[in-house]
Amino acid sequence: MRLSPRALCDAARAAWRETFPLGGRDVARWFPGHMARGLKKMQSSLKLVDCIIEVHDARIPLSGRNPLFQETLGLKPHLLVLNKMDLADLEEQQKIIRHLEGEGLKNVVFTNCVKDENVKQIIPRVTELVGSSYRYHRGENLEYCIMVIGVPNVGKSSLINSLRRQHLRKGKATRVGGEPGITRAVMSRIQVCERPLMFLLDTPGVLAPRIESVETGLKLALCGTVLDHLVGEETLADYLLYTLNRHQLFGYVQHYGLGRACDDVVSVLKHVAVKLGKTQKVKVLTGTGDVNIVQPNYAAAARDFLHTFRSGRLGPVMLDRDVLQSLPEAGAQGHHPAEMDP
Ligand SMILES: Nc1nc2c(ncn2[C@@H]2O[C@H](COP(=O)(O)OP(=O)(O)OP(=O)(O)O)[C@@H](O)[C@H]2O)c(=O)[nH]1
């Protein structure tokens, strides 16, 4: 039987959690310190750079960006690419754009670098930005050099490969991976366009040394910017379940044949593990000797749940919905100075 989302929601509304327990988690441990070195190297190459393309995940357009980018690289023309738009619920796209504009981010493009969606807009936007900026000692140089930055796993390398497909009809120049930390070598210089002659510098993902809140940390982790085991796969699966239920995204019920929505992660993971045959034999010591019992493999079930979500099979999501809801409506929003503009 196929239940409508509303029926599922009504059935379980009483049990929905209103908040996620955030206390006692050491977010600092999730984000390794070696990232500061990457940022330092980027800064030292800045004089060669005409424009910065910052790639971020479209599912968290208003949180999780590294504030150090703004502080240390903010003098250059800047384009924000919100990638993985295919995985994001962009119903409130205009509100997102307005809010970012209010923060001084006037150049924003939403992309899907796997399917090359909107990627064609990027080079004309960059050319325009560089054309209207003062290039210091690089004024005579006809080559454009663009640095691509962002937190890990948001699709920086995928963007470069997509630009090459679009403008040079060439394939992969830089390695893409499903796990954070694929781009290790700082600054590979890759041509992406002939006219204008444009090179991009791919950089390793750099997270902020201090994440603004545990919840932001969890959102970043759901987007795959940190290795899951650092947060704990089951914790992350629980945060995912909490988010899906609050957003009334009940694709998981159908996907795993659960019958009804549920807010208890242990029950959900147990069901997933049994359905997928992910069980394990565990030896239990009893008063009369050892007994082998079969237990659900919760960690494997959590991994499957996270993987299914990240592949988009549970539907598009807006993880910053809480932030969006807390913003004033159009017209009521205050104006801030254009910090990232040249
Ligand atoms: N669905 C979807 N997946 C994407 C998109 N762009 C990239 N990916 C996937 O996201 C993962 C990370 O992509 P990368 O290009 O390696 O990301 P990165 O930012 O260079 O990663 P680091 O090197 O870790 O900093 C890969 O599995 C890509 O296939 C997109 O627009 N949509």
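Remember, predicted model here, so these are calculated numbers, not experimental data.

J.: Would you mind going over the overall build of the protein with me for this structure?
T.: Scanning the protein for helices and strands turns up 13 helices and eight strands. When burial is assessed residue by residue, the protein has 50% of its 342 residues classed as buried. Across the protein, the fraction of contacts at a sequence separation of at least 24, relative to all contacts at a separation of at least 6, is 73%. Accessible surface, the protein: about 16,800 Å² in total, of which carbon and sulfur atoms supply 51%.

J.: What exactly am I supposed to notice about the packing of helix H11 (residues 265-275) against helix H12 (residues 298-310) here?
T.: Angle between the axes and distance between the axes: these two values describe a pair of packed helices. Where H11 contacts H12, the two axes come as close as 8 Å, and the packing angle between them is 90 degrees. As far as their axial angle goes, H12 and H11 are roughly perpendicular. Touching Val266, Leu269, Lys270, Val272 and Ala273 of H11 are Tyr298, Ala301, Ala302 and Phe305, all from H12. Classifying every residue of the contact of H11 with H12 gives eight nonpolar, no polar and one charged.

J.: Would you take a moment to explain the confidence of the model for the protein for this structure?
T.: In regions of low pLDDT, the predicted coordinates are not meant to be interpreted in detail. Of all residues in the protein, 81% attain a pLDDT of 70 or more, and the chain-wide mean is 84. Scored below 50 in pLDDT, residues 333-342 makes 26 contacts in the model with residues more than four places away or belonging to other chains. Taken together, the chains of this predicted complex give a pTM of 0.86 and an interface ipTM of 0.98.

J.: I would appreciate a short explanation of the sheet that holds strand S3 (residues 108-110) in the present structure.
T.: Read across the sheet, six strands follow the order S3-S2-S1-S4-S6-S5 without closing on themselves; strand pairing throughout is mixed. Edge positions in the sheet fall to S3 and strand S5 (188-193), since each has one partner strand and no second. Across the sheet, the mean angle from the axis of one strand to that of its neighbour is 25 degrees, orientation sign disregarded. Relative to strand S6 (residues 198-202), strand S4 (residues 144-149) is paired through five bridges, and the arrangement is parallel. Bridge assignment links Met147 to a residue of S6, and that residue is Leu201. Set on the sheet, helix H5 (residues 122-131) makes contact with strand S1 (51-57), strand S2 (78-83), S3, S4, S5 and S6; between it and S2 the angle comes to about 160 degrees.

J.: Explain unusual backbone geometry here, please?
T.: Residues other than glycine predominantly adopt negative phi, and peptide bonds predominantly adopt the trans conformation. A cis amide bond links Arg195 to the next residue, Pro196, at an omega of 0 degrees. Checked against the element boundaries, Pro196 lands in the loop between S5 and S6. Positive phi, close to 65 degrees, is recorded for Lys84, a residue that is not glycine. Inspection of the secondary structure puts Lys84 in the loop between S2 and helix H4 (93-102).

J.: Looking at this structure, how should I read the environment of Phe250?
T.: Within the fold, Phe250 resides in the loop between helix H9 (233-246) and helix H10 (251-255). Expressed as a C-alpha distance, the spacing of Phe250 and Leu314, which sit 64 residues apart in the sequence, is 7.7 Å.

J.: Got a minute to help me understand the nonpolar core in this structure?
T.: Core analysis: the largest hydrophobic core is formed by 69 residues, its most contacted members being Ile53, Val126, Tyr252 and Phe305. Counting residues per element, this core draws most heavily on H9, which supplies seven residues. If we ignore the near neighbours within four places in the chain, the residues touching Val126 are Cys51, Ile53, Leu79, Ile146 and Met198. Grouped together as the second largest cluster of nonpolar side chains are 15 residues, Leu62, Leu80, Ile96 and Phe110 included.

J.: Got a minute to help me understand the pattern of salt bridges in this structure?
T.: As a working rule, side chains carrying opposite charge can pair if their charged atoms are close by. According to the stated counting rule, one finds 11 salt bridges in the structure shown. The closest approach of N and O atoms between Arg246 and Glu18, which form a salt bridge, is 3.6 Å. Separated by 228 residues along the polypeptide, Arg246 in helix H9 and Glu18 in the loop between helix H1 (5-12) and helix H2 (35-44) bring together distant segments of the chain. For Arg246, a relative accessible area of 32% corresponds to the partly exposed category. Two residues, Glu233 and Arg303, come together in a salt bridge whose shortest N-O distance is 3.3 Å. Within this pair, whereas Glu233 is found in helix H9, its partner Arg303 is found in helix H12, the two being separated by 70 residues in sequence. Residues joined by salt bridges that share partners form a network here, namely Arg17, Asp238 and Asp263.

J.: Sorry if this is basic, but what is going on with the environment of His247 here?
T.: Note that His247 resides in the loop between H9 and H10. In the structure, His247 is positioned 74 residues away from Arg321 in sequence and 8.5 Å away in space, judged by C-alpha atoms.

J.: Just to check I follow, could you spell out the pairing of S6 for this structure?
T.: Burial of S6 is extensive: five of the five residues sit out of reach of the surface. Side chains Met198, Leu200 and Asp202 of S6 all project onto a buried face; the interleaved residues Phe199 and Leu201 project onto the opposite face, where all are buried too. Between the end of S5 and the start of S6, which pair antiparallel, lie four residues.

Calculation rules
Residues numbered from 1 in each chain as written. Predicted model: local features only at pLDDT ≥ 70, side-chain atom pairs only at ≥ 80, totals over all residues. Heavy atoms only, no water. Helix = DSSP H or I, 4+ residues; strand = E, 2+ residues; numbered from the N terminus. Buried < 20%, exposed > 50% of the residue type's maximum accessible area, 1.4 Å probe, protein only. Contact = heavy atoms within 4.5 Å. Areas by Shrake-Rupley, 256 points an atom, 1.4 Å probe, with all protein chains shown as cover. Axes fitted to C-alpha atoms, helices over the stretch in contact; angles between N-to-C directions. Parallel < 35°, antiparallel > 145°, perpendicular 65-115°, else oblique. Nonpolar A, V, L, I, M, F, W, Y, C, P; charged D, E, K, R; others polar. pLDDT = per-residue confidence, 0-100. Pairing = 2+ DSSP bridges. Core = buried A, V, L, I, M, F, W, Y, C linked by side-chain atoms within 4.5 Å. Salt bridge = Lys/Arg side-chain N within 4 Å of Asp/Glu carboxyl O.

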